[in-house]
Amino acid sequence: MKAVILAAGSATRMRPLTDERPKCLLPLNGKSILERTIDSITAAGVEHIGLVIGFKAEMLRSFVKSRFPFHKIRFIVNPKYETTNNAFSLLMSREFFLSTPGAAAPSDELLLLDADILFAPPMIRFLIAHGSPNKIAVRVEGAHDDEEVRVKVDADGSLLSIGKSGAMAEAFGESVGIEVFSPSSAGRLYEILEERVRAGPGRTEFYEAAFQVLIDEGHKLAAVDVSSFPSIEIDTPEDLRAAEDLASRSGF
């Protein structure tokens with residue numbers, strides 16, 4: 001398995017906290033969001049990590065090399081981070097994902113994470129251990145709002161749709177921002193991303209648009225309920241304060 005962490009954005013909604021540092025380097029009770037993420041990934045046994053960077057790229061490089069000098073982390077630069085979205089950043093990691101010596105086709109699973117999520121570390125092991133080859137972490141329990149990326153599922157728990165559109169009442173839950181894809185589905189996902197970027201919309205859209213194409217083509221994506229593992233996406237200073245409180249209350 002290879003992990004890709006998307007950390008290229010400039011996080012304008014977090015300003016002034018992100019004027020001088022990437023959002024993922026903001027401290028949460030003495031430990032940065034990115035540090036927590038990498039620790040959780042490696043604790044789950046995933047050794048190869050691709051980190052997509054853009055805003056304050058050299059600061060991120062310096063931090064990671066200092067904090068994780070012996071980890072297998074490749075830096076992947078999105079040079080157009082100011083004018084593109086996370087679908088484009090994910091596409092930038094394609095070479096890292098495909099670079100397995102001697103492999104004629106994708107041979108690794110893909111663990112995909114946004115860099116602005118605080119989550120209980122055991123969530124990664126739980127998601128990887130789930131039997132489905134393609135799966136998305138979904139928070140079902142708790143309060144929900146219109147800002148969430150919602151997922152709708154069929155009777156078997158496979159995704160029918162993912163995005164911010166659609167009635168809240170029809171949603172199974174919120175996509176946390178952590179996914180696992182089989183080698184073949186991940187390979188096709190990168191093809192879809194490239195097709196959409198070449199066509200135009202892929203440069204500025206969220207990667208969930210490519211997930212939807214994958215679903216529409218017949219790839220089964222299981223919605224895995226991770227409600228028992230506390231998590232929060234950090235988009236605003238208010239979210240950061242809530243994340244600090246969550247980490248303190250939950251003991252991680």
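Residues numbered from 1 in each chain as written. Predicted model: local features only at pLDDT ≥ 70, side-chain atom pairs only at ≥ 80, totals over all residues. Heavy atoms only, no water.

We now examine the environment of A171. In this structure, A171 sits in the loop between β10 (159-163) and β11 (173-181). In this structure A171 comes out as partly exposed when scored by relative accessible area, which is 23%. Considered as a pair, A171 and S107 are 64 residues apart in the sequence and their alpha carbons are 33 Å apart. The contacts of A171, once residues within four sequence positions are left out, are R150 and V151. (Helix = DSSP H or I, 4+ residues; strand = E, 2+ residues; numbered from the N terminus. Buried < 20%, exposed > 50% of the residue type's maximum accessible area, 1.4 Å probe, protein only. Contact = heavy atoms within 4.5 Å.)

With the rule as written, the count across this model stands at five aromatic pairs. Plain terms: the ring middles of F97 and Y190 are 5.4 Å apart, the flat faces sit at 25° to each other, and that makes the pair stacked. Pair noted here: F97 is in helix α4 (residues 94-98) and Y190 is in helix α6 (residues 183-199), with a separation of 93 residues, a long-range link. Through a chain of ring-to-ring contacts, the aromatic side chains of F181, Y207 and F211 assemble into a single cluster. In this structure, K2 is placed above the aromatic ring of F96, and the distance from its NZ or CZ to the ring centre is 5.2 Å. Here the guanidinium or amino end of R67 rests over the ring plane of F68, the centre of that ring lying 4.6 Å away. (Phe/Tyr/Trp six-rings, centres within 6.5 Å; stacked < 30°, edge-to-face > 60°. Lys NZ or Arg CZ within 6 Å of the ring centre and 35° of its normal.)

As a further point, take the pairing of β10. Both strand β9 (residues 150-153) and β10 contribute to a ladder of four bridges, which runs antiparallel. Its bridge partner being in β10, V151 is matched across the sheet by I162. Count of turn residues in the β9/β10 antiparallel hairpin: five residues, of which G157 carries a positive phi of about 85°. (Pairing = 2+ DSSP bridges.)

Where α6 meets helix α7 (residues 208-216), the closest approach of the two axes is 9 Å, and the angle between their N-to-C directions is 120°. By the criterion of interaxial angle, the relationship of α6 to α7 is oblique. As α6 runs across α7, the sense of the crossing is right-handed. Note on element contacts: α7 touches α6 through A209, A210, F211, V213 and L214, opposite S185, R188, L189, I192, L193 and R196. A class-by-class count of the residues in the contact of α6 with α7 yields eight nonpolar, one polar and two charged. (Axes fitted to C-alpha atoms, helices over the stretch in contact; angles between N-to-C directions. Parallel < 35°, antiparallel > 145°, perpendicular 65-115°, else oblique. Left-handed = near helix turned anticlockwise from the far one by under 90°. Nonpolar A, V, L, I, M, F, W, Y, C, P; charged D, E, K, R; others polar.)

A few words now on the side chain of S158. Here S158 shows up in the loop between β9 and β10. On the accessibility criterion, S158 (11% relative accessible area) is buried. Contact partners of S158, with chain neighbours within four places excluded, come to K152, V153, K220, L221 and A222.

What follows covers the layout of surface pockets. Computed from the structure, the largest pocket encloses a volume of approximately 1000 Å³. Contributing to the lining of the largest pocket are 37 residues, with N85, N86, D116, F206 and D235 lying nearest its centre. Of all the secondary-structure elements, those providing two or more residues to the lining of the largest pocket are β1 (2-7), α3 (86-92), β10, β11 and α7. For the lining of the largest pocket, the element with the most residues is β11, which contributes three residues. Here the residues of the lining of the largest pocket are counted per class, giving 15 nonpolar, 11 polar and 11 charged. Taken as a whole, the second largest pocket holds about 520 Å³ of empty space. In terms of lining residues, the second largest pocket is bounded by 25 residues, among which R139, E174, S231, I232 and E233 are the most central. Elements represented by at least two residues in the lining of the second largest pocket include exactly β11, β13 (231-233) and α8 (237-250). The element that contributes the greatest number of residues to the lining of the second largest pocket is α8, accounting for four residues. In terms of residue class, the lining of the second largest pocket is built from 10 nonpolar, four polar and 11 charged. (1 Å grid on protein atoms, 1.4 Å probe; cavity = no way out; pocket = protein on both sides within 12 Å on 5 of 7 lines; lining within 4 Å. Points joined across faces, edges and corners; volume = space filled by probe spheres on them.)

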